[in-house]
Structure formats: C-alpha cells, structure tokens
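# Architecture and fold: a report
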Amino acid sequence: MKLYHYSKEPLGEVHSFDQTKIHINDSILLKPHGLWLSHDDGYGWAQWCAGEEFCLGNLAFRTPVVLREDAKILCIKDAADLDAAVEKHAYDSEPLPGLGMAFWRKTGYVSWAKMAKDWQGIFIMDAYIPDRRFGGPLWYYAWDCDSACVWDATAIAKIEESQPFNLAAFIRGKENADAAE
C-alpha cells in the first residue's frame, strides 16, 4: 500500500518526534506528533478533507512515502486490535493532575510516550470500527480517516519527490471508479 503525506508546501526534511511532551492545550492527548500519512484507497485524508471542506489549501502537494519493511508500525485493523492497544498503552499515572485515574481509564486515552517505546508509528486502517467510533476511546473518535502517524523517522525507507496535487481531478477519478463498480 502506498502512503502519502499531504501538505501546503513540498515536504522538507523529516525528523523524529518526541512523544513525552504533553501540554494541556495540545492535541497530543488525542493524537501523537509525527509525520502524518494516508492512502488513496478507501477513506483517506484527501477524501475526508474534501468531504468536510477542511484545510483544502493543505492538499496542494502530495508526497509518496515508503516505510521500511521492518518498520515497527502498530496496525489497528479491527476492534480487537484497538482494545489491545488501549489496554497495553494506557496511562500508568495521571498525565494531567486533577481528573483522577478513573477518568483516564474510562475515556481510553493512551500514553503516546508509552506506545513510542514499542512502536515507531501507528496506522489506523479503519477509522470507523462499529461500536468503537462513538463508544470507544476518545482519541480514536478524533481519528477522522484511515491514516498513519510515524514518529520515528528511521521507520521511513524513502521519501519521493513532492508533486502538486489536483484534488478536483482526484475526487472525479474516485467518483468515476465508484460508478464503474
């Protein structure tokens, strides 16, 4: 499966991201920091942005990214994978004092720092797992489409040249392919 990074400008140098830094106004509680990637099969970032009319200017360039064959990427394909990831990577202590550990356990937040000790990134292969999208972990609810986040740059084998991306042509192509099926 080919993965792509979408951006306003051509992708520059890629580096690793530290998952231990937490700020109360930061999205790290919901999503990890890293290089975000998506596919063009199914329901990826370009399709989601187009459907929601979200940050369309950030889809000006598409950069193919190839992961190493031995990259340690946690792949979430179904409810069992998601539940196991939440169980294994739950917080051991309050990341932000005051809410109590019961809150962190009940809401299913994961420690991205804990996950980063075992994995180089995460790939949610199905952002709409029944019974988890609205009744599961809050961080999973915020994962809008099938996509990956790579926080350890050594997981990347190759970054190809960024190319201008024509969203309208891409969407027309998807519609034509869907109509043909």
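Residues numbered from 1 in each chain as written. Predicted model: local features only at pLDDT ≥ 70, side-chain atom pairs only at ≥ 80, totals over all residues. Heavy atoms only, no water.

### Points about the nonpolar core
Short version of the rule: Here, nonpolar core means buried Ala, Val, Leu, Ile, Met, Phe, Trp, Tyr and Cys residues that are tied together by side-chain atoms lying within 4.5 Å of each other. Only protein chains enter the area calculation, which uses a 1.4 Å probe; residues under 20% of their type maximum are buried, those over 50% are exposed, and those in between are partly exposed. For the purposes of this entry, the term helix denotes a DSSP run of H or I that reaches at least four residues, the term strand denotes a run of E that reaches at least two, and both are numbered from the N terminus.
Of all hydrophobic cores here, the largest spans 16 residues; its most connected members are Ile 76, Trp 112, Met 115, Ile 122, Ile 124 and Trp 139. Those elements giving two or more residues to this core turn out to be β4 (73-76), α2 (79-88), α4 (112-118), β5 (121-124) and α5 (138-141). In terms of residue count, α2 provides more of this core than any other element does, 3 residues in total. In terms of nonpolar packing, the next biggest core, distinct from the first, is built from 11 residues, Leu 37, Ile 73, Ala 148 and Ile 156 among them.

### Considerations on helix α1 (residues 45-52)
Considered for burial, the residues of α1 that qualify are Ala 46, Gln 47, Trp 48 and Cys 49. Backbone geometry just after α1 places Glu 53 at a positive phi near 50 degrees.

### A look at the packing of aromatic side chains
Test applied: For this analysis, a ring pair means two rings from Phe, Tyr or Trp (six-membered ring only for Trp) whose centres lie within 6.5 Å, classed as stacked if their planes differ by under 30 degrees, edge-to-face if by over 60, and tilted for the remaining angles. Charge-over-ring contacts are defined here by two conditions on Lys NZ or Arg CZ: a distance within 6 Å of the ring centre and an angle within 35 degrees of the ring normal.
Under the defined criterion, the tally for this structure stands at 9 aromatic pairs. With 6.1 Å between their ring centres and 85 degrees between their planes, Trp 45 and Phe 54 make a pair best called edge-to-face. You can call Trp 45 partly exposed: its relative accessible area is 25%. Arranged with centres 5.3 Å apart and planes meeting at 55 degrees, the rings of Phe 165 and Phe 170 form a pair that is tilted. In terms of burial, Phe 165 and Phe 170 fall into one category: buried. A network of ring pairs unites the aromatic residues Tyr 4, Tyr 6, Phe 165 and Phe 170 as a single cluster. Lying over the aromatic face of Trp 36, Lys 31 brings its terminal NZ or CZ to 6.0 Å of the ring centre.

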